Amino acid sequence: MYANYHTHTYRCNHARGSEREYIERAIAQGVCVLGFSDHVPYPFPGGHESHFRMKCAEIGEYMSTLQALKEEYADRIEIHIGFEAEYYPLYHQRLLEFLEPYPYEYLILGQHMVGNEIDAPVYCGGKVSADIPWQYARQVVEGLRKGDFVYLAHPDLPSNTERGEEYRAAMEWLCREVKAMDIPLEFNFLGLAEGRAYPCRDFWEIAGRVGNKVIFGCDAHDVDAVANPDTIAIAEQWMAQYGLQVVDRVILHRPTV
Ligand SMILES: [Zn+2]
Ligand SMILES: [Zn+2]
């Protein structure tokens with residue numbers, strides 16, 4: 001695995017291990033580029049803090065810890081600092097303005113909920129109703145059109161549903177729109193290793209037919225998930241089966257505020 005841009009830290013309250021352990025493991029597994037992308041702190045109105053993200057007050061320490069490690073390890077591995085963020089239309093600009101002063105390098109889009117998590121949250125990773133895939137696809141495509149995200153994490157999150165005509169139509173539309181923007185789709189190793197509803201074969205069959213670019217993402221919440229060789233081997237079988245083209249790395253950029 002040449003690059004992994006999807007790595008969490010303990011600050012999100014559901015990941016374990018130190019940044020140094022993740023970095024050391026990545027080096028041991030031959031990874032050349034390691035991106036940290038913890039769940040972004042989200043400055044909601046009223047001071048609401050989500051339990052699955054770092055708190056807004058922790059961002060400075062996240063940046064300074066990773067900056068120091070990036071310099072310390074510069075001759076051994078290329079480290080990048082980013083965030084995994086949702087696209088919430090109502091609060092997106094507010095998020096970008098909050099992040100602007102910090103020297104982060106990229107955002108990946110990980111849309112865990114449609115709508116947003118404080119007004120009327122619908123979590124897409126669990127069992128969802130048949131109308132959710134279309135809602136998800138529209139929100140994700142609108143977000144990616146902003147140009148603020150370097151790739152789409154676990155694009156097939158809302159797959160624990162009846163996957164009939166509507167599901168397939170929504171996901172094919174999503175794949176075509178993302179391809180037109182030349183944005184890679186992430187093949188998510190966390191879902192694969194844990195046997196979740198994603199990665200979903202129906203989705204990746206469509207992506208293979210559409211011809212989407214794929215980037216592997218460890219979505220590491222623990223050290224053993226960093227470039228795990230068993231997971232990589234299974235992922236490569238999926239890529240071969242659906243004729244998917246994997247890219248080694250992505251071009252990083254920051255949103256323009
Ligand atoms: Zn997480
Ligand atoms: Zn993640």
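None of the values given here were measured: they were computed from a predicted structure.

1. Remarks on the coordination of the zinc ion (ligand 1)
At 2.0 to 2.1 Å from the zinc ion (ligand 1) lie its protein donor atoms, namely H14 (NE2), H39 (NE2) and H221 (NE2). Sequence spacing of the donor residues for the zinc ion (ligand 1), all on one chain, is H-x24-H-x181-H.

2. Thoughts on the packing of helix 4 (residues 132–145) against helix 5 (residues 165–180)
Angle between the axes and distance between the axes are the two parameters that describe a pair of packed helices. Where helix 4 meets helix 5, the axes come as close as 9 Å, and the angle between the chain directions of the two elements is 10°. With respect to each other, helix 4 and helix 5 are oriented roughly parallel. Residues P133, W134, Y136, A137, R138, V140, V141, L144 and R145 of helix 4 lie in contact with helix 5, whose contacting residues are E166, Y167, A169, A170, M171, W173, L174, E177 and V178. Of the residues assigned to the contact of helix 4 with helix 5, the class counts are 14 nonpolar, no polar and four charged.

3. Some points on the nonpolar core
One finds F83, L174, F187, F203 and W204 to be the most contacted residues of the largest nonpolar core, which totals 89 residues. With seven residues, the single largest contributor to this core is helix 4. When residues no more than four places from it in sequence are discounted, the contact partners of F187 are L192, P199, W204, V214, I215, F216, G217, A235, W238 and M239.

4. Let's talk about the sheet that holds strand 8 (residues 213–217)
Pairing is parallel in the open sheet, where three strands are placed in the order 7-8-9. Pairing within the sheet leaves two strands with one partner each, and these edge strands are strand 7 (185–188) and strand 9 (245–246). Direction of pairing for strand 8 relative to strand 9: parallel, over a ladder of two bridges. Across the sheet, the residue bridging to K213 is Q245, located in strand 9. On top of the sheet, helix 7 (residues 201–210) reaches strand 7 and strand 8; it is set at about 145° to strand 7, its chief contact.

5. Some details on the side chain of H39
Of note, H39 is situated in strand 2 (residues 33–39). Separated by 3.5 Å, the side chains of H39 and H8 make a polar contact. Beyond its immediate stretch of four places on either side in the chain, H39 contacts H8, C12, H14, F52, R53, M54, E84, H112 and H221.

6. A word on unusual backbone geometry
The amide bond that connects Y198 to the next residue, P199, takes the cis arrangement and shows omega of -5°. Within the secondary structure layout, P199 lies in the loop between helix 6 (189–194) and helix 7. Although it is not a glycine, H154 sits at a positive phi angle of roughly 20°. As for its position among the elements, H154 is in the loop between helix 4 and helix 5. The backbone of A227 sits at a positive phi, close to 50°, despite the residue not being glycine. Relative to the helices and strands, A227 is located in the loop between strand 8 and helix 8 (229–242).

7. Here's the deal with the pattern of salt bridges
It is possible for side chains bearing opposite charge to pair when their charged atoms get close. Counting across every chain of the model gives 19 salt bridges. Residue R168 is joined to E205 by a salt bridge in which the shortest nitrogen-to-oxygen separation is 3.1 Å. Here E205 lies in helix 7 and R168 lies in helix 5, a separation of 37 residues in the sequence. Look at E205 and you get partly exposed, because its relative accessible area is 29%. Between K213 and D182 there is a salt bridge; the shortest N-O distance is 2.9 Å. Of the two residues, K213 is situated in strand 8 and D182 in the loop between helix 5 and strand 7; the sequence distance between them amounts to 31 residues.

8. Here we look at the coordination of the zinc ion (ligand 2)
At the metal site, the zinc ion (ligand 2) is ligated by H6 (NE2), H8 (NE2), E84 (OE) and D219 (OD), and these contacts range over 2.0 to 2.3 Å. For the zinc ion (ligand 2), the four donor atoms in the first shell make angles of 82 to 171° at the metal, so the coordination geometry reads as irregular. In the primary structure, the donors to the zinc ion (ligand 2) are separated according to the pattern H-x1-H-x75-E-x134-D. In this structure, the zinc ion (ligand 2) lies 4.4 Å away from the zinc ion (ligand 1). Linking H8 in the loop between strand 1 (3–4) and helix 1 (19–28) with E84 in strand 3 (residues 78–85), this pair joins segments that are 76 residues apart in sequence. As far as burial versus exposure is concerned, H8 and E84 are alike and both buried.

Quick notes on the rules
- Residues numbered from 1 in each chain as written.
- Chains lettered and ligands numbered in written order.
- Predicted model: local features only at pLDDT ≥ 70, side-chain atom pairs only at ≥ 80, totals over all residues.
- Heavy atoms only, no water.
- Donors = N, O, S within 2.8 Å, 3.2 Å for Na, K, Ca; no water.
- Axes fitted to C-alpha atoms, helices over the stretch in contact; angles between N-to-C directions.
- Helix = DSSP H or I, 4+ residues; strand = E, 2+ residues; numbered from the N terminus.
- Parallel < 35°, antiparallel > 145°, perpendicular 65-115°, else oblique.
- Contact = heavy atoms within 4.5 Å.
- Nonpolar A, V, L, I, M, F, W, Y, C, P; charged D, E, K, R; others polar.
- Core = buried A, V, L, I, M, F, W, Y, C linked by side-chain atoms within 4.5 Å.
- Buried < 20%, exposed > 50% of the residue type's maximum accessible area, 1.4 Å probe, protein only.
- Pairing = 2+ DSSP bridges.
- Polar contact = N/O pair within 3.5 Å; in protein donor to acceptor, adjacent residues only side chain to side chain.
- Salt bridge = Lys/Arg side-chain N within 4 Å of Asp/Glu carboxyl O.
- Tetrahedral: all angles 85-135°; square planar, octahedral: opposite > 155°, others 65-115°.

Purely spatial values, then, with no claim about function.
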